[in-house]
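# Reading the structure
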Amino acid sequence: MDHKEFRVKAKEMVDYIADYLENIRDRRVYPSVQPGYLHKRLPNEAPHLPEKWDDIFRDVEDHIMPGIVHWQSPHMHAYFPALTCYPSIMGEMLSSALNVLCFTWASSPAGTELETIAMNWLGKVIGLPESFLNEKNDSPGGGVIQTTASEATLVSLLAARTRALMELSKLNPDLQSSELLGHLICYCSDQAHSSVEKAGLIGLVRMRYIESDENQSMRGDKLEEAIQNDKSKGLVPFWVCATLGTTGSVAFDNLREVGQVCEKHSAWLHVDAAYAGSAFVCPEYRHWLDGIELADSFAFNPSKWLMVNFDCTAMWVKDSTALHKTFNVNPIYLRHENSGKAIDYMHWQIPLSRRFRALKLWFVLRNYGVIGLQKHIRESVRLAQKFEALVLADQRFEIPQARNLGMVAFRLKGDNALTERLLKRLNARGYIHAVPACFKSVYVIRFTVTSQRTTNQDILDDWNEIKTVAAEILTDVFGSEYGNVVVPKKPRISLKETRELNATFGTSLLLANSPMSPKIVNGTHVAICDYEQVLNSCAQTFAQLKMEPKDSPEMRRRIRGIKMCGKKFSLDSCMDMVQGLMMEQSLPQCSEEEREEASAGSSPGEKSSSPVTSSGTKPDVVLDMNQLQVPLAPKPHRSKSMDVSLMGLSLDDAKITIDMKNSEITITPTGSKSFDDDQKDNISRKSVHFDAIQEKLNIGDRITQAFENFQDGLEMLSELHQRDPNNKVENKTDECSSKLTIKGPGNYIRKLIQQFSEGPFEAEDLKAEPEKATSTPSIRDRADAICKKCLHYKGKIGK
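In short, a report on the structure. (Residues numbered from 1 in each chain as written. Predicted model: local features only at pLDDT ≥ 70, side-chain atom pairs only at ≥ 80, totals over all residues. Heavy atoms only, no water.)

This paragraph deals with the sheet that holds strand β8 (residues 397–398). Pairing is antiparallel across the open sheet formed by four strands, whose spatial order is β8-β9-β11-β10. Here the strands that pair on one side only, and so sit at the sheet edges, are β8 and β10 (435–439). Relative to strand β11 (residues 442–448), strand β9 (residues 407–412) runs antiparallel, the two being bridged by four bridges. If you follow Val408 over to β11, its bridge partner there is Phe447. Against the sheet, helix α14 (residues 416–429) touches β8, β9, β10 and β11, its axis set at about 30° to β11. (Pairing = 2+ DSSP bridges. Helix = DSSP H or I, 4+ residues; strand = E, 2+ residues; numbered from the N terminus. Contact = heavy atoms within 4.5 Å. Axes fitted to C-alpha atoms, helices over the stretch in contact; angles between N-to-C directions.)

Their axes nearest at 10 Å, the elements α14 and helix α15 (residues 456–478) cross at an angle of 130°. If you check the angle between α14 and α15, you find them oblique. Judged by the twist between their axes, the crossing of α14 over α15 is right-handed. Between α14, through Leu418, Arg421, Leu422, Arg425, Leu426 and Arg429, and α15, the contact on the second element is made entirely by Glu465, Ile466, Val469, Ala470, Glu472, Ile473, Leu474, Asp476, Val477 and Phe478. Classifying every residue of the contact of α14 with α15 gives ten nonpolar, no polar and six charged. (Parallel < 35°, antiparallel > 145°, perpendicular 65-115°, else oblique. Left-handed = near helix turned anticlockwise from the far one by under 90°. Nonpolar A, V, L, I, M, F, W, Y, C, P; charged D, E, K, R; others polar.)

This part covers the environment of Thr455. If you trace the backbone, Thr455 turns up in the loop between β11 and α15. Residue classification places Thr455 among the partly exposed residues on the basis of a relative accessible area of 34%. Distance from Thr455 to Glu379, taken between C-alpha atoms, is 9.2 Å for residues 76 residues apart in sequence. (Buried < 20%, exposed > 50% of the residue type's maximum accessible area, 1.4 Å probe, protein only.)

Before going further, it helps to spend a moment on the side chain of His433. Within the secondary structure, His433 is located in the loop between α14 and β10. Given a relative accessible area of 5%, His433 falls into the buried group. Among the polar contacts made by the side chain of His433, one reaches the side chain of Asn427 at a distance of 3.0 Å. Here His433 is in contact with Val29, Tyr30, Val69, His75, Met76, His77, Ala78, Tyr79 and Asn427, once residues within four sequence places are set aside. (Polar contact = N/O pair within 3.5 Å; in protein donor to acceptor, adjacent residues only side chain to side chain.)

To continue, consider the sheet that holds strand β6 (residues 297–300). With mixed pairing, the seven strands of this open sheet are ordered in space as β1-β7-β6-β5-β4-β2-β3. Each of the sheet's edge strands pairs with one partner strand only, and the pair in question is β1 (142–146) and β3 (206–210). The average angle at which neighbouring strand axes cross in this sheet is 20°, direction not considered. Both β1 and strand β7 (residues 313–317) contribute to a ladder of five bridges, which runs antiparallel. Among the inter-strand pairings, Ile145 is bridged to a residue of β7, identified as Ala314.

Taken as a whole, this structure holds 17 aromatic pairs when the rule is applied. For the ring pair Trp53 and Phe57, a centre distance of 6.0 Å and an interplane angle of 20° mean the geometry is stacked. On the criterion of helical spacing, the pair formed by Trp53 and Phe57 is a turn pair, its members being four residues apart in helix α3 (residues 53–64). What makes Trp53 partly exposed here is its relative accessible area of 27%. An aromatic cluster is defined as three or more aromatic residues linked by ring pairs; in this entry it consists of Phe387, Phe397, Phe410, Phe447 and Trp463. Against the face of Tyr482 rests Arg396, its NZ or CZ located 5.4 Å from the ring centre. Over the face of the ring belonging to Phe80 we find Arg446, whose NZ or CZ atom lies 4.7 Å from the ring centre. (Phe/Tyr/Trp six-rings, centres within 6.5 Å; stacked < 30°, edge-to-face > 60°. Lys NZ or Arg CZ within 6 Å of the ring centre and 35° of its normal.)

As enumerated under the stated definition, the model contains 27 salt bridges in all. The partner of Arg208 in a salt bridge is Asp230, with the nearest N and O atoms 2.6 Å apart. Residue Arg208 is located in strand β3, and its partner Asp230 is located in helix α9 (residues 220–232); the two are separated by 22 residues in the primary sequence. Exposure remark for Arg208: the relative accessible area of 31% places this residue in the partly exposed category. The partner of Arg421 in a salt bridge is Asp476, and the shortest N-O contact between them spans 4.0 Å. Of the two residues, Arg421 is situated in helix α14 and Asp476 in helix α15; the sequence distance between them amounts to 55 residues. Looking at Asp476, the relative accessible area reads 51%, which means it is exposed. The network of salt bridges with shared partners includes Glu92, Asp311, Arg355, Arg357 and Lys360. (Salt bridge = Lys/Arg side-chain N within 4 Å of Asp/Glu carboxyl O.)

Next up on the list: the pairing of strand β2 (residues 184–189). With six of six residues buried, β2 lies mostly within the body of the structure. Judged by which residues are buried, β2 turns out to be covered on both faces: Leu184, Cys186 and Cys188 on one side and Ile185, Tyr187 and Ser189 on the other are all buried. Bridge analysis of β2 against strand β4 (residues 236–243) gives five bridges, and the strand direction is parallel. Within β4, the position partnered with Cys188 by the bridge is Cys241.

Here the focus is the pairing of β7. Summarising burial for β7: five of the five residues are buried, a large majority. Alternating residues of β7 divide into Thr313, Met315 and Val317 and Ala314 and Trp316, and every residue in both groups is buried. Looking at chain direction, β6 and β7 are connected through four bridges and run antiparallel. Its bridge partner being in β7, Phe298 is matched across the sheet by Trp316.

Attention shifts here to the packing of helix α5 (residues 109–126) against helix α13 (residues 358–392). The contact between α5 and α13 brings their axes to 9 Å, and the two run at 40°. Relative to α13, the element α5 is oriented oblique. Crossing geometry of α5 relative to α13 is assigned as left-handed. Residue-level contacts link Leu114, Glu115, Ala118, Met119, Trp121, Leu122 and Val125 of α5 to Ala358, Leu359, Leu361, Trp362, Leu365, Arg366 and Val370 of α13. Its residues assigned to classes, the contact of α5 with α13 comprises twelve nonpolar, no polar and two charged.

Its 14 residues give α14 an end-to-end C-alpha distance of 20 Å, which sits within 8% of 20 Å, the value for a rise of 1.5 Å per residue. Buried within α14 we find Leu418, Thr419, Leu422, Leu423, Leu426 and Asn427. Down the axis of α14, the buried side of the element spans an arc of 160°, and every buried residue falls inside it. Exposed side chains of α14 directed beyond 90 degrees from the buried face belong to Ala417, Lys424 and Ala428. The inward-facing, buried residues of α14 abut β8, β9, β10, β11 and α15. Positive backbone phi, approximately 85°, marks Gly430, located one or two places after α14. (Expected span 1.5 Å × (residues − 1). Arc of directions from axis to C-beta.)

A cluster of nonpolar residues, Val14, Met90 and Met93, forms a patch on the protein surface that exposes about 290 Å² of accessible area. Along the chain, Val14 falls in helix α1 (residues 3–22). On the basis of relative accessibility, which here comes to 42%, the residue Val14 falls in the partly exposed class. (Patch = residues over 30% accessible without salt bridge, like charges linked within 9 Å, V, L, I, M, F, W, Y side chains within 5 Å. Areas by Shrake-Rupley, 256 points an atom, 1.4 Å probe, with all protein chains shown as cover.)

Following this line, the structure appears as structure tokens:
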């Protein structure tokens, strides 16, 4: 492959990688192949002649992909995350192209210094103490990128062993190092990773496992007890590994307690946070780092959860002197003139050569930023919480260990064999992949959110797969999909029984942001407010916010529906009512006992209807001496009605005649006052005369309410008289010139009379009305005028 072909094929490779990651959800996460499958597909010997690149790459899809476990799949829940991302991939591509070896500063100055800078950045991001950083030339601490967490554990153990042997040799100069080695002993939790045990085997030292508590955590008192017992046997404790985020259940050892014990006995404390360390980029999870200042070394894997592709393990030490004494070799071909002035990372690790891994870490930190990394961690935790809730809602399953971060350990209730059978069948089907764990003799399935591509729907799909397989297994074993778990059935209660059991049960208006018709739903399905002061509280809130009144046809329709739906209201419905109160509109009158009939006469959310013809057309204004019709005023809103009331005219100033047969109401001022004069002069009040129909309708003093509803129309009529110089009405001075007849369809007149003649009124309404205020009433005044029971207008307020 030459440069020309590389340019073409490399671009094709980038497209293939992008397509693979974009569509990885469509691939079976766990392969259905058996051991030796690839041996049957590929030749036994390498080709003698060169092959074309297209033929080579075609075999990748045909033979390699069928045997791949897709670790980047959103349905991959085994082990811990092993993530990558596009910035990391590009860093790996560039690092592979450069292919520099960063074992000394002289072999790659940029590679060495970039690693120091990136590790200082990362240490600050996760909240490590300054003693672990290397920002000054004389600083003994610093960070280094190892290949894996297992290697970091081994490096710390070997460094601690070297320090312990040197101290023992000073006290026992007659003994060889091999003899002293047999007295060393180290400690870890019984929940620690297998790499800790392997490190002990490689280091040829004894390993003591400390029993964890009920939360799978190693505690200081248990460690202290074990150390005292071993010291009494002549053993020397020299190294302790504390785990933050165990493999089985993501449990956390008590770091401060363990650190204090290590400090007391001069033992090296290494902290293994391979998975959980990434979460410390979020401040809310750093409480598990309490006591980190007592540690000698700390390590975690950005290659797990921080989307830096493998391999990349971040390790910090408080004092690198022990590392130099353990791994320092100084052949002449590795010496350079700047030795001692800069870090030579070959003295911080087991192998000599090392890759330029700092480049991809640097790319990810810059491209995502702290905010982007925090968002990624929190989303994974949220999805794990969602899965946990789904498991807890199913009575067939249990979670024996509390969830921490992004991993849930769950199982089927009953014998371990049921859970083991469930896991094997899940993996065999291949739609999801998980692995087991066992603690305290309890077999569990580990479900870890491993991919940044996992969504809510992926979690639901995975849970449905688990439930389906579990139902099959339980049916095979017990004959029922619920197995031996008794699931009580919830009794069904009818709507009638619910109303009998709950006197306050009702319906509520379900509102949507779309312009749709309101729907009445069961009151138990929506958030409702049933407290007495809700309207006042809403009004006060509006007043504090200084919101402008808003109005729309949709809002008016909602308000009308609200007042017809029952006795419970949702909070947003009440806020809509307050919005309506802020508009310059009259309010429906309170009539608690017969609210339904009043609603039939006039919709609670509307004003009193203006006279209209039976065909629905607007009537003309007839300037007649004997008969006047109130014209429709210009509508400020899309409403079918308009309020009218008598301007400046009290009950004692006029004679009112109600003619049900002719569907008209006649108002005749008494004395010498006309409608225009009535607004200019004050007159002495005279007695009022009613016809016989007044007694039949039982209107009585409540006719005052009807006067209030004619005010706007008469004011408008008066203005019309003053503007029109040819108006014949102003030229008349006799009684008939002031006579006003309100005409309309019979049902309209009946509704007017019915609205103001039925139902009890508050006592304050029967009293003489004080002088009207000239300013618009406050929002609180309008709220106070609302009946707390039926939410209808109960009194008169100034306009």
